[in-house]
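Fold and contact review
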Amino acid sequence: MAIVLLASDSDLRQAVQQLEQCEELAVDLEFDQNRYTYGFNLCLIQIADGKGKCFIIDPFYINDLKPFFHLMENPAITKIIHHSNNDILLLDKMGCSVKGIVDTDVAAKILNYERSSLATVLKEEFGKEIDKSQQSSNWNKRPLTEDQLRYAAIDVIYLHKVKSKLLQEIEKLGRMHWLEEEDFLLEQLKYTESENPHLRLKHSYRLNYYQQYLLKWLYTFRENLAKQFNKPAHFVIPNEALVELANNPNTDVHEWLNHTRGIHGNLKKPKNERLLEDALQEAKEAAKANHISHDYPEHRFQRPLRTPETERRKELLTAVQQEIMARYGEYASKLIINQSLITDFRQNGKLRCSKKYGSDIVLGVAQDLGIEIHVSTAPQHSGE
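What comes next concerns the included structure. (Residues numbered from 1 in each chain as written. Predicted model: local features only at pLDDT ≥ 70, side-chain atom pairs only at ≥ 80, totals over all residues. Heavy atoms only, no water.)

With that settled, the discussion passes to the sheet that holds strand 4 (residues 53-57). Picture the strands of a sheet paired through backbone hydrogen bonds; they go either parallel or antiparallel. Spatially, 1-4-3-2-5-6 is the arrangement adopted by the six strands of the open sheet, whose pairing is mixed. Where the open sheet ends on each side, the last strands, each with one partner, are strand 1 (2-6) and strand 6 (101-103). This sheet shows a mean twist of 25° between the axes of neighbouring strands, independent of strand direction. Across three bridges, the pairing between strand 5 (residues 78-81) and strand 6 is parallel. Considered in strand 6, the bridge of Lys79 is made with Ile101. Packed on one face of the sheet, helix 1 (residues 9-19) meets strand 1, strand 2 (24-33), strand 3 (40-48) and strand 4 and runs near 145° to strand 4. (Pairing = 2+ DSSP bridges. Helix = DSSP H or I, 4+ residues; strand = E, 2+ residues; numbered from the N terminus. Axes fitted to C-alpha atoms, helices over the stretch in contact; angles between N-to-C directions. Contact = heavy atoms within 4.5 Å.)

We now examine the environment of Leu207. One can find Leu207 in the loop between helix 8 (176-187) and helix 9 (209-229). When the C-alpha atoms of Leu207 and Asn250 are compared, they prove to be 15 Å apart, with 43 residues separating the residues in sequence.

All right, on to the pairing of strand 3 then. Successive side chains on a regular strand alternate, one facing one side of the sheet and the next facing the other. With eight of nine residues buried, strand 3 lies mostly within the body of the structure. Two strands pair when backbone bridges link them, and strand 2 and strand 3 are joined in this way by eight bridges, in the antiparallel orientation. Paired with Gln33 across the bridge in strand 3 is Phe40. Linking strand 2 back to strand 3 in an antiparallel pair, the connection comprises six residues, with Asn34 at a positive phi of about 55°. Across four bridges, strand 3 lies against strand 4 in antiparallel orientation. Within the sheet, the bridge partner assigned to Ile47 lies in strand 4 and is Phe55. In textbook terms, the turn of a hairpin is the stretch between consecutive antiparallel strands, and for strand 3 and strand 4 this stretch comprises four residues, one of which, Gly50, has a positive phi near 80°. (Buried < 20%, exposed > 50% of the residue type's maximum accessible area, 1.4 Å probe, protein only.)

With 21 residues, helix 9 extends 30 Å from end C-alpha to end C-alpha; this agrees with the ideal 30 Å at 1.5 Å per step. Capping the start of helix 9 is the job of one residue whose side-chain oxygen sits 3.1 Å from the backbone nitrogen of Tyr210: Asn208. Taken from the residues just after helix 9, Asn230 is the one with a positive phi, measuring 50°. (Expected span 1.5 Å × (residues − 1). Polar contact = N/O pair within 3.5 Å; in protein donor to acceptor, adjacent residues only side chain to side chain.)

As a further point, take the side chain of Asn272. With respect to the element layout, Asn272 can be found in helix 13 (residues 270-289). The exposure class assigned to Asn272 is buried, which follows from its relative accessible area of 4%. Setting aside residues no more than four positions away along its own chain, Asn272 makes contact with Phe221, Leu225, Phe229, Asn266 and Leu267.

Set out below in structure tokens:
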């Protein structure tokens, strides 16, 4: 296998001209998602052509990734990707909408793999052990080591073989339409920012409206500093500490900074300490000006109402789930029916499944068991 490192715009353009002639490409991305640096950032792109060449694109030295994006958006070329969700989301964030996906991780799940990592699949299907020692490597650092380049290549060089073997087995089981629908749904994934990310922090729901309002300001303050330091936000102020400060906003900031674990050293500098004090003061004044209440929100996670009818529905769909597991395997069945689908049916009495094949299987099995199930016309994701 020849590994070709692409670290200039002209190298990338030339490589893409070659890759455009291929019917199938194996693709993988290395990225950093708030592990070593701030945000969700592309660090490396690996593409194997299935003919003995593996191109490794270093985006740190390339100004224009559009040639690569065009390649990924071309539906005529199959992109073999193992566990593609995050790769699709990152590319979508960068303005590239991937088409022609075949996800070998999903293929392994359809074949009832308990663990569907590439290392497991290679061991099970080909008896091949691969070295994953670089898995948590810092892909932001340059120059890249020989070990990193080898590891990056391993993630794609076997994918053509893996796809061929898994799809053969899926074909035998008559589950090809499962994979096609799953891959189509993956292509629809869109990157979105959370609307109220501060409320996703642990224990933020315990705060009253006033404290939650302050937390939102503090969260934004932390994001801005994290960008400036190019560090993951929780490296600047840990999540728990941020919630604690919103919970006790009249605390002495200087004392708090110097007695709280995990605070980034830069934040303790007098200039940044003053910025934090100012942000907290502004938040308090804005809360007062906007008459933000000190009441506590009604608990958003109230337990669903239990009635004889909801329990009956749960029992019925659980019986269907057991039969699906018996027919298709415990792990493959998770693609069709899971706990959230059962909970939703239990409460609403309607099956809301976004997968046609999944819905067909659930209804077919229910019919075989003599169980009547009504289907909702409003779709909802049922898979993982």
